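Descriptive structure summary
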Amino acid sequence: MNLRHATALFTLPAIMALAPIAQTQGGQAAPPAGPRINALVVSGGCCHDYPLQARLLMDAVNRSLNVDWTVVVQGGRGTRGSMPVYARPDWSKGFDIVIHNECLADIDDPQYIRQITAAHRGGPPAVVLHCAMHSYRAATIDDWRELLGVTSRRHTRQFPIPVKIAANDHPVMKGFKQDWVTPVDELYVIEKLWPSTTPLATAVSIEDKSEYAVAWASEYAGTRVFGTTLGHGNDTWSDATFQDLLVRGIKWALKRE
């Protein structure tokens, strides 16, 4: 990825502060004009290639939005790691959007979880991706699940997922590919859609034949939340249609649709 500058790049726990793509010698276009967006990506924990996912996400978004990125990779490689980024009550201050891509299923501390969710009450919009839906699932409180807009605790075996558009007129889905089949991915079993959640796309389980949301728009305490359970493997993250879905969701969350 061609970067104008990278002000910091560390190994785990990592924070990468990255700028948008600029004009290159090869003639690549500069980022579009418009107000700059300060975005935080929180990632780390079990099971996924977070540095690669962050780079693919930034490449896709930078084609249409002017973004300054802070990418946090913390929490180790297990399910109980700590995320120092959440240590302060005002951890989200200064960010226009927060993208949650962490995978920490077994953290159940209510104070820790509520410090995350409280920052989104009247704060920045959220985009919640894949294993964020299974993070903090050991908790008995529902605060995180209310922020997500869905409750999920398990997924099917992996398969190429035929996606059905559920809300063609929603700003996220207008003009979206109608016959998309994902690369091999996990279909999350959605136990509950919270009252403020609108399913945008669904898929049918190959195991129980039930239909589950795979993308949705929601609202949490007055802030927009976009979510998708897709995104387990690098093949999905490299897929142009998946990247289009992410960009659409981020634009909607920012009210740039």
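Residues numbered from 1 in each chain as written. Predicted model: local features only at pLDDT ≥ 70, side-chain atom pairs only at ≥ 80, totals over all residues. Heavy atoms only, no water.

1. A closer look at the overall build of the protein chain
For the protein chain, the helix and strand inventory stands at five helices and 14 strands. Put simply, the protein chain has 257 residues, and 55% of those count as buried. Within the protein chain, contacts between residues separated by at least 24 positions form 71% of all contacts whose residues are at least 6 apart in sequence. Accessible area of the protein chain: about 10,800 Å², with a carbon and sulfur share of 51%. (Helix = DSSP H or I, 4+ residues; strand = E, 2+ residues; numbered from the N terminus. Buried < 20%, exposed > 50% of the residue type's maximum accessible area, 1.4 Å probe, protein only. Contact = heavy atoms within 4.5 Å. Areas by Shrake-Rupley, 256 points an atom, 1.4 Å probe, with all protein chains shown as cover.)

2. Concerning the environment of Ala126
Locating Ala126 in the fold gives a position in strand 6 (residues 126–129). Taking the C-alpha atoms as reference points, Ala126 and Leu148, 22 residues apart in sequence, are found 8.5 Å from one another. Look past the residues within four positions of Ala126 in its chain and what remains in contact with it is Val98, His100, His120, Arg224, Val225, Phe226 and Ala253.

3. Overview of the pattern of salt bridges
Between side chains of opposite charge, a pair can form when the charged atoms approach closely. Applying the stated criterion across every chain yields a total of ten salt bridges. Salt-bridge contacts for Arg88 lead to Asp90; the nearest nitrogen and oxygen are separated by 3.0 Å. Owing to a relative accessible area of 48%, Arg88 belongs among the partly exposed residues under this scheme. The closest approach of N and O atoms between Arg153 and Glu191, which form a salt bridge, is 2.5 Å. (Salt bridge = Lys/Arg side-chain N within 4 Å of Asp/Glu carboxyl O.)

4. Quick look at helix 1 (residues 50–62)
The end-to-end C-alpha distance of helix 1 is 18 Å, a good match for the 18 Å that 13 residues give at a rise of 1.5 Å each. Those residues of helix 1 lying buried are Tyr50, Gln53, Ala54, Leu56, Leu57, Met58, Ala60, Val61 and Asn62. At the N-terminal end of helix 1, a side-chain oxygen is found 3.4 Å from the backbone nitrogen of Leu52, two or three residues along, and the residue is Asp49. (Expected span 1.5 Å × (residues − 1). Polar contact = N/O pair within 3.5 Å; in protein donor to acceptor, adjacent residues only side chain to side chain.)

5. Some details on the packing of aromatic side chains
This model, assessed by the stated rule, comprises six aromatic pairs. With a centroid separation of 4.9 Å and 90° between ring planes, the pair formed by Tyr136 and Trp144 is classed as edge-to-face. Members of the aromatic cluster, joined through ring pairs, are Tyr86, Trp91, Tyr112, Tyr136 and Trp144. Positioned over the ring face of Trp194 is Lys192, at 3.6 Å from the centre of the ring. (Phe/Tyr/Trp six-rings, centres within 6.5 Å; stacked < 30°, edge-to-face > 60°. Lys NZ or Arg CZ within 6 Å of the ring centre and 35° of its normal.)

6. Details of the environment of Ala138
Note on placement: Ala138 falls in the loop between strand 6 and helix 3 (143–148). Residue Ala138 is classed as partly exposed on the basis of its relative accessible area, which comes to 35%. A C-alpha to C-alpha distance of 9.1 Å links Ala138 and Asp109, two positions 29 residues apart in sequence. When sequence neighbours within four positions are dropped, the list of residues in contact with Ala138 reads Ala105, Asp106 and Asp108.

7. Digging into unusual backbone geometry
A positive phi angle, close to 90°, is found at Cys47, a residue other than glycine. Within the fold, Cys47 resides in the loop between strand 3 (37–45) and helix 1. The exposure class of Cys47 is partly exposed, given its relative accessible area of 43%. Here His130, not a glycine, exhibits a phi torsion of approximately 45°, which is positive. By secondary structure assignment, the location of His130 is in the loop between strand 6 and helix 3.

8. Some details on the state of the cysteines
Under the defined criterion, the tally for this structure stands at two disulfides. The disulfide that involves Cys103 links it to Cys131, with 2.0 Å between the sulfurs. The sign of the S-S torsion, about 40°, decides the handedness of the disulfide formed by Cys103 and Cys131: right-handed. Of the two residues, Cys103 sits in strand 5 (residues 97–103) while Cys131 sits in the loop between strand 6 and helix 3, which places them 28 residues apart along the sequence. Accessibility expressed as a relative area gives 7% for Cys131, which makes it buried. Look at the protein chain and number its bonded cysteines as they come in the sequence; the links are 1-2, 3-4. (Disulfide = S-S within 2.5 Å.)

9. Some thoughts on the packing of helix 1 against helix 5 (residues 240–253)
At a closest axis distance of 9 Å, the pairing of helix 1 and helix 5 adopts a crossing angle of 65°. Relative to helix 5, the element helix 1 lies roughly perpendicular. The interaxial crossing formed by helix 1 with helix 5 has right-handed handedness. Each of Leu56, Leu57, Ala60 and Val61 in helix 1 lies in contact with helix 5, whose residues at this interface are Gln243, Leu246, Val247 and Ile250. Here the contact of helix 1 with helix 5 is composed, by residue class, of seven nonpolar, one polar and no charged. (Axes fitted to C-alpha atoms, helices over the stretch in contact; angles between N-to-C directions. Parallel < 35°, antiparallel > 145°, perpendicular 65-115°, else oblique. Left-handed = near helix turned anticlockwise from the far one by under 90°. Nonpolar A, V, L, I, M, F, W, Y, C, P; charged D, E, K, R; others polar.)

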